[in-house]
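Spelled out, the chains give:
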Amino acid sequence: MKHIISSSLFSRDWVDEILERARGNIETARSGIPKGNISSKATVFIAEPSTRTGGSYREAARLVGCPIEGIASGDITSLVKGETLGATGRMFAGQNTSVLPIRTKIEGGARWLAEMFELDGYDYPVAVQNCGDGANEHPTQALLDLLTITEKVGRIDGLRIGFVGDLRNSRTVHSLVRALGLYPGISLVLVSSESVRLPGWYTRGLNVTVSDNISALTGCNIVYVTRVQEERFGGNRVEYERVRGKYSIRPEELKTIGDQAMIMHPQPINQHDQDIDPRLWRHPQVIMDLQARMGIPVRMALIEWSLAHASDRGFPESPAPVIEKVIEKPAEEARRQKEAQGKRFMPISRGTVLDHIEAGKGEQIRAFVKARYGRQKSGAWQLVEGLQETGMTGGKDTILLENAFLDESDMAVISVLSPGVTINVIENGTLKKLRVVTVSDVQIGQCPNSDCVTNLDIEAALYPRFSVSDEEDDEVRLVCHYCERHFHRSEVIR
Ligand code: CP
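Everything numeric here is computed off the predicted structure, so don't read it as measured data.

A. View of the overall build of the protein. Helix and strand counts for the protein come out as 15 helices and 18 strands. Along the first, second and third principal axes, the C-alpha set of the protein runs to 80 × 50 × 40 Å. Of the accessible surface of the protein, which amounts to about 21600 Å², a share of 47% is contributed by carbon and sulfur atoms. Measuring between centres, the 59 positive side-chain charges of the protein sit 1 Å from its 65 negative side-chain charges.

Next comes the structure, spelled out in structure tokens:
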């Protein structure tokens, strides 16, 4: 895998290897003397403001010996003329770019580029490295954060790590928390105002304490401070003013936290909010400048990794839906049993019967089935609308498709529209009752996040994709493949 897109795609072995390679680059990064000369070009495309990430990528490319094209603003590209991010990326690819570190406010933009480059008909051999995509992810920052922790503390396993500030909007927090999930024995302390809490989906399976009080950070090995991300509040100045500057780390807070803790900050610090009081910037516990410097050896390792894996293709395949056979029996036997119970049997001898449809969802499923199968030759199948089977209660609908059979991806969509639906297949005198157990990827609905690439790039909009997640409230939620946000079903499927 040559692309660096999201911490959610990291494995522990891969992270260990990158950190090891990065350690090997620290001396070169310090010396500033390039390792050699290679012909592969890196285009560092920074379409959202950056000092550290853009600068350290350019320096990392210089040190590994790549020719560099540095584009330090989206405003000097044809993005401002309405060109899509995808078309912009393809132009860089066509200009002999081998590695494309990209920062964009478009969430999922890096992932879309990486996948788009490999579509049949494009097939550009470019590795994409995500330097921050809106409020979603900043995976290379997570790697330099991990390297900093190992340099200062010597380990990551078993640490107690506090996060404080704007946790909802901070992509550095999202990426680091996901990466920390790869290490055993980690406990997290999350301190923030209620409105900027870290959504629960980032910390599933982790040991977490949530607080609005900075004293909860006492005893942490690491305290990771973040800026309140003014640019992510849209027009909501009132909310921004409410949360900004609330958790400044001053000498008195540092005393509360304790002298065992290293204080990290991805920077920039907003000097008007003083996330960390300037009196502490040179304090030995505050390691944010070392942290920023670790960006160069890490990004050298990542550029080298991508070039060494230039011929790799693709992302892990989405697993097919898991479909369980609940019952298989002769249709005649099923009919006799139903009649003995005083119920009517499915009144078709060949086809598919969808039953146990969630109340109110019959119409939506009917429309979906009609859209997918309605173009078959007339008479090839028949849809019996809204049939209520005798004995059914609670307004549950049954839909019959005479002489039609669903493919697995359609069964997956239907099970997302109505969890618990039963799919009865009647063929060759046999009844099979099927149930979709897990669904990994469905093309259904539109992402509700206006900053998602599927809403900002007309070509990406052709491929909205969602995974299904069972969250703690037992609701089925849909996870956008690109911006990685979680949504209630009803937000996506209208
Ligand atoms: N930490 C970080 O991403 O800083 P920049 O925004 O300056 O790149």
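B. Molecular detail of the sheet that holds strand β1 (residues 41-46). With respect to topology, four strands assemble into an open sheet ordered β2-β1-β3-β4, the strand pairing being parallel. In this open sheet, the two strands that pair with only one neighbour each are β2 (68-71) and β4 (127-133). Strand-to-strand, the axes of this sheet are offset by a mean angle of 10°, without reference to chain direction. For β1 and β2, the ladder comprises four bridges, and the chain directions are parallel. Residue Thr43 lies in a different strand from β2, and its bridge partner there is Glu69.

C. The arrangement of the nonpolar core in detail. Judged by nonpolar contacts, the single largest core of 56 residues is most densely connected at Trp14, Leu146, Phe163 and Leu180. The contacts of Leu146, once residues within four sequence positions are left out, are Val15, Leu19, Ile156, Leu176, Ala179, Leu180 and Tyr183. The next biggest cluster of nonpolar side chains, apart from the first, holds 54 residues, and it includes Phe45, Leu85, Ile106 and Cys480.

D. How the structure looks around the site of the ligand. With respect to spatial proximity, the complete set of residues near the ligand consists of Ser50, Thr51, Arg52, Thr53, Arg103, His138, Gln141, Pro266, Gln267 and Pro268. In the model, an oxygen atom of the ligand is placed 2.6 Å from a nitrogen or oxygen of the Ser50 side chain. Pro266 is positioned such that a nitrogen or oxygen atom in its backbone is 2.9 Å from a nitrogen atom of the ligand. Protein chains bury 93% of the 260 Å² of accessible surface belonging to the ligand in isolation. Across the shell around the ligand, the residue classes tally to two nonpolar, six polar and two charged.

E. Spotlight on the sheet that holds strand β6 (residues 187-191). Judged by pairing direction, the sheet is parallel, and its five strands sit side by side in the order β7-β6-β5-β8-β9 without closing on themselves. A single partner strand is all that each edge strand has here, and the edge strands are β7 (207-211) and β9 (262-264). If you compare each strand with its neighbour and ignore which way they point, the axes differ by 20° on average. Both strand β8 (residues 222-225) and β9 contribute to a ladder of three bridges, which runs parallel.

F. Inspection of the pattern of salt bridges at higher detail. Following the criterion strictly, the structure yields 35 salt bridges and no others. The salt bridge involving Glu241 is made with Arg237; its shortest N-O contact spans 3.0 Å. Residue Glu241 and its partner Arg237 are both found in helix α7 (residues 237-243); the two are separated by four residues, about one turn of the helix. Given the relative accessible area of 41%, Glu241 is considered partly exposed. The class for Arg237 is partly exposed, based on a relative accessible area of 41%. Beyond isolated ion pairs, a larger network of salt bridges with shared partners links Glu230, Arg237, Glu241, Arg244 and Asp273.

G. Spotlight on the environment of Arg204. For Arg204, the position within the fold is in the loop between β6 and β7. Given a relative accessible area of 44%, Arg204 falls into the partly exposed group. A sequence separation of 161 residues divides Arg204 from Thr43, and the C-alpha atoms of the two residues are 36 Å apart.

H. Geometry of the pairing of β4. The buried fraction of β4 amounts to seven of the seven residues, a majority that puts the element mostly inside the structure. Sheet topology note: the strand β3 (residues 97-104)/β4 ladder contains five bridges and is parallel. Its bridge partner lying in β4, Pro101 is registered against Gln129.

I. Expanded view of helix α12 (residues 362-373). Over its 12 residues, α12 runs 16 Å from end to end, which matches the ideal 16 Å to within 8%, given 1.5 Å per residue. Taken together, the buried positions of α12 are occupied by Gly362, Ile365, Arg366, Phe368, Val369 and Tyr373. One side of α12 carries all its buried residues, which in axial view fall inside an arc of 165°.

J. Structural context of the state of the cysteines. Scanning all chains against the criterion turns up zero disulfides. Of all cysteine sulfurs, the one in Cys66 lies closest to Cys131, which takes part in no disulfide; the gap is 14 Å. Accessibility expressed as a relative area gives 0% for Cys131, which makes it buried. Among the cysteines around Cys480, which has no disulfide bond, Cys452 carries the closest sulfur, lying 3.7 Å off. Cys480 gets classed as buried once you look at its relative accessible area, which sits at 2%.

What counts, and at which threshold
- Residues numbered from 1 in each chain as written.
- Predicted model: local features only at pLDDT ≥ 70, side-chain atom pairs only at ≥ 80, totals over all residues.
- Heavy atoms only, no water.
- Helix = DSSP H or I, 4+ residues; strand = E, 2+ residues; numbered from the N terminus.
- Areas by Shrake-Rupley, 256 points an atom, 1.4 Å probe, with all protein chains shown as cover.
- Lys, Arg positive; Asp, Glu negative; His and termini not counted.
- Charge placed at Lys NZ, Arg CZ, Asp CG, Glu CD.
- Pairing = 2+ DSSP bridges.
- Axes fitted to C-alpha atoms, helices over the stretch in contact; angles between N-to-C directions.
- Core = buried A, V, L, I, M, F, W, Y, C linked by side-chain atoms within 4.5 Å.
- Buried < 20%, exposed > 50% of the residue type's maximum accessible area, 1.4 Å probe, protein only.
- Contact = heavy atoms within 4.5 Å.
- Near = heavy atom within 4 Å.
- Polar contact = N/O pair within 3.5 Å; in protein donor to acceptor, adjacent residues only side chain to side chain.
- Nonpolar A, V, L, I, M, F, W, Y, C, P; charged D, E, K, R; others polar.
- Salt bridge = Lys/Arg side-chain N within 4 Å of Asp/Glu carboxyl O.
- Expected span 1.5 Å × (residues − 1).
- Arc of directions from axis to C-beta.
- Disulfide = S-S within 2.5 Å.

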